Amino acid sequence: MNHSFYLELGGNESFGYALDVWDGYSISLDMLSPGSPWTFELWRVEGRRNTWTELLQRAVIGERATLAIDGLVVLDGKVRTRSVRVSRQSAAVTISGTDLAGTAMHADANPTLSLRGVTLQTVLERLFEPIGIAIELGEGVDPSRVAPARRPPRRPTRRRSTRRGLIDRFRPKMGETIWQCGDALCRKAGYLLWTAPGSTPDRLVLRVDSPRATGTERYQFLRELLPDGTVSQRSNLLDGSETVTLDGIPTEVTVFADAPRGDQESARLARRVLNDQLTGSRFSLILPTQPKYLLSSRARSVAAAQREATRILGDANANLRAYTATVQGHGQLVDGAVVLYQPNELCRVRDDITGTDLAGLVTRVEFKGSRDQGQTTELRIVPRGAIKVDPEDAS
């Protein structure tokens, strides 16, 4: 299937007609790694001098670039690098950058921003207002949720028997970036934050949501072997690879914390959580023990210590097992309509050559295209339920 493209550089001025001179592109949407990169290579066509001149004038550092595929905006970012290459045979401009989350990673949050008694969405809207990107809550988010408090670090010499629970107060620390503040708020509430196409097709948004663990499998990826050893015609996988690693993966996490006991006293508590993802045909029955120990400055109870241990395992297990799929085109036919690939969607992977049969979650999508290779998409898929983000706002 062929997809339509519309590229715009700067403000509301249309630059879509330049798309007929593109040579290659790469656009990423990643729910686990902010600041998704993108690249466009635009080439000079003989006899179209005005087009080349305008391209050089518009494709400048800091210019805003938006791209829609089949009418759905999948890129909204700033040009951070520009390269002009000329040879005896051709000339091309390569522009690259990150989406607007990348800008938020470099810009400090306003330390004078102080909010009380407001929802998580309101805090994020005020926080990201200088970047100019909208906030949308996913299906798994309670829109009335009050933003968790930004607690100051504990002083070990002052331990009190009574501590306030969550308070609806937020103020960035000096030197914190916009993304650091927003990401920390979402994770404390039990959510992830990433860029994604909005509910209306004309904009890219910051999506606040939980990793999907239940629901309908939206995409199907298949490499089916027939009895004679050939690949069936209904297979859609061009390339596929499965990687499983124990590097950086704890087999258990123990969190130590202090629980208030008296006016000037505290009791040391500990909570040990085993990694329940290290089972199945990919793992030996006897694995090397790789414990991780953490002294928490936030947990005040056994339950809070367990949530912190679960969060650590959830972050690590995102890299435990992953299948990388490459398919033709940028979407699949779902209920009679072509649906573009997006992160945080459930899927099924069956690869008879790698031996993979996986109920998975898409965490990363990279749209690629060139005159030679056509339009392809690379997707990173992890087992369903491998990524867990538990709230840490209860002590």
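Quantities reported herein were computed from a predicted structural model and do not represent experimental measurements.

## What about a nonpolar patch on the surface?
Next, step 1: Among the surface-exposed residues, L225, V231 and I353 lie close enough to one another that they form a single nonpolar patch of about 240 Å² accessible area.
Next, step 2: With respect to the element layout, V231 can be found in the loop between β12 (219-223) and β13 (237-244).
Next, step 3: By relative accessible area, V231 is classed as partly exposed at 39%.

## Remarks on the pattern of salt bridges
Next, step 1: The full count for this structure, using the stated rule, is 23 salt bridges.
Next, step 2: Here R212 and E139 are joined by a salt bridge, their closest N and O atoms 3.5 Å apart. With R212 in the loop between β11 (204-209) and β12 and E139 in the loop between β8 (134-137) and β9 (169-170), the pair connects residues that are 73 residues apart, well separated along the chain.
Next, step 3: Given a relative accessible area of 25%, R212 falls into the partly exposed group.

## Here we look at the nonpolar core
Nonpolar side chains tend toward joint burial in soluble globular proteins.
Next, step 1: One finds F40, L67, F221 and I381 to be the most contacted residues of the largest nonpolar core, which totals 43 residues.
Next, step 2: For this core, the element with the most residues is strand β5 (residues 72-86), which contributes 5 residues.
Next, step 3: Apart from residues lying up to four places away in sequence, F40 is in contact with L7, G24, Y25, I27, L67, L75, V93, T94 and I95.
Next, step 4: Counting 27 residues, the second largest nonpolar core, distinct from the first, contains L100, A109, F128 and I131.

## Structural notes on helix α4 (residues 178-189)
Note on helix geometry: an α-helix contains 3.6 residues per turn, so any two residues three or four positions apart are oriented the same way.
Next, step 1: Its 12 residues give α4 an end-to-end C-alpha distance of 17 Å, which sits within 8% of 16 Å, the value for a rise of 1.5 Å per residue.
Next, step 2: In terms of burial, α4 is a largely internal element, 9 of the 12 residues being buried.
Next, step 3: Restricting attention to buried positions, one finds in α4 the residues I178, W179, C181, G182, D183, L185, C186, K188 and A189.
Next, step 4: Of the surrounding elements, those touching the buried residues of α4 are α2 (100-106), α3 (120-128), β9, β10 (192-197) and β11.
Next, step 5: At the C-terminal side of α4, G190 shows a positive phi close to 95 degrees.

## A few points about unusual backbone geometry
Next, step 1: Unlike most non-glycine residues, D335 shows phi in positive territory, near 55 degrees.
Next, step 2: Judged by its relative accessible area of 82%, D335 falls in the exposed class.

## A few points about the packing of α3 against α4
Next, step 1: In contact at an axis separation of 10 Å, α3 and α4 are set at 170 degrees when each is read in the N-to-C sense. Accordingly, the angle class assigned to the pair α3 and α4 is roughly antiparallel. Along the contact surface, α3 presents L120, V123, L124, L127 and F128, while α4 presents I178, W179, C181, G182, L185, C186 and A189.
Next, step 2: Along the lines of polarity and charge, the residues of the contact of α3 with α4 split into 11 nonpolar, 1 polar and no charged.

## Here's the deal with the side chain of T377
Next, step 1: Tracing the chain through its elements places T377 in strand β22 (residues 374-383).
Next, step 2: Engagement of the side chain of T377 in a polar contact is seen with the side chain of H330, the distance being 2.8 Å.
Next, step 3: Look past the residues within four positions of T377 in its chain and what remains in contact with it is A325, T326, V327, G329, H330, Y341, V365, E366 and F367.

## A short note on the pairing of β12
Next, step 1: With 4 of 5 residues buried, β12 lies mostly within the body of the structure.
Next, step 2: Here 5 bridges tie β12 to strand β20 (residues 346-351), and the two strands are oriented parallel to one another. Across the sheet, the residue bridging to Q220 is R348, located in β20.

## With respect to the sheet that holds β11
Next, step 1: Strand order across the open sheet formed by 3 strands is β8-β11-β10, with mixed pairing between neighbours. Either end of the sheet is taken by a strand with one partner, and the two such strands are β8 and β10. Adjacent strand axes in the sheet meet at a mean angle of 35 degrees, parallel and antiparallel pairs treated alike.
Next, step 2: Where β10 and β11 come together, 6 bridges link them in antiparallel fashion. Residue pairing for β11: W194 is matched across the bridge by R207.
Next, step 3: Across the sheet, α3 lies against β8, β10 and β11, angled at about 160 degrees from β8, the strand it touches most.
Next, step 4: Together, β10 and β11 form the strand contacts of α4, whose direction differs from that of β10 by roughly 110 degrees.

## Some details on the environment of L222
Next, step 1: Structurally, the position occupied by L222 is in strand β12.
Next, step 2: Note: C-alpha distance between L222 and V349 (127 residues apart in sequence) is 6.1 Å.

## A short note on the environment of L192
Next, step 1: If you trace the backbone, L192 turns up in strand β10.
Next, step 2: Residue class for L192 comes out buried when judged on its relative accessible area of 3%.
Next, step 3: Once the C-alpha coordinates of L192 and D209 are considered, the two residues, 17 residues apart in sequence, prove to be 5.6 Å apart.
Next, step 4: For L192, the residues in contact, after removing those within four places along its chain, are M31, L32, C186, R187, R207, V208, D209, P211, I387 and V389.

## Overview of the packing of aromatic side chains
Next, step 1: Here the structure, examined in full by the defined rule, presents 8 aromatic pairs.
Next, step 2: With a centroid separation of 6.3 Å and 55 degrees between ring planes, the pair formed by Y219 and F221 is classed as tilted. Note on accessibility: Y219 and F221 belong to one class, buried.
Next, step 3: Pairing Y219 with Y341 gives two aromatic rings, centres 5.0 Å apart and planes at 75 degrees, and the pair type is edge-to-face. Here Y219, found in strand β12, pairs with Y341, found in the loop between β19 (337-340) and β20; they are 122 residues apart in sequence, far enough to count as distant. Neither Y219 nor Y341 differs from the other in exposure class; each is buried.

Rules used in this analysis
- Residues numbered from 1 in each chain as written.
- Predicted model: local features only at pLDDT ≥ 70, side-chain atom pairs only at ≥ 80, totals over all residues.
- Heavy atoms only, no water.
- Patch = residues over 30% accessible without salt bridge, like charges linked within 9 Å, V, L, I, M, F, W, Y side chains within 5 Å.
- Areas by Shrake-Rupley, 256 points an atom, 1.4 Å probe, with all protein chains shown as cover.
- Salt bridge = Lys/Arg side-chain N within 4 Å of Asp/Glu carboxyl O.
- Helix = DSSP H or I, 4+ residues; strand = E, 2+ residues; numbered from the N terminus.
- Buried < 20%, exposed > 50% of the residue type's maximum accessible area, 1.4 Å probe, protein only.
- Core = buried A, V, L, I, M, F, W, Y, C linked by side-chain atoms within 4.5 Å.
- Contact = heavy atoms within 4.5 Å.
- Expected span 1.5 Å × (residues − 1).
- Axes fitted to C-alpha atoms, helices over the stretch in contact; angles between N-to-C directions.
- Parallel < 35°, antiparallel > 145°, perpendicular 65-115°, else oblique.
- Nonpolar A, V, L, I, M, F, W, Y, C, P; charged D, E, K, R; others polar.
- Polar contact = N/O pair within 3.5 Å; in protein donor to acceptor, adjacent residues only side chain to side chain.
- Pairing = 2+ DSSP bridges.
- Phe/Tyr/Trp six-rings, centres within 6.5 Å; stacked < 30°, edge-to-face > 60°.

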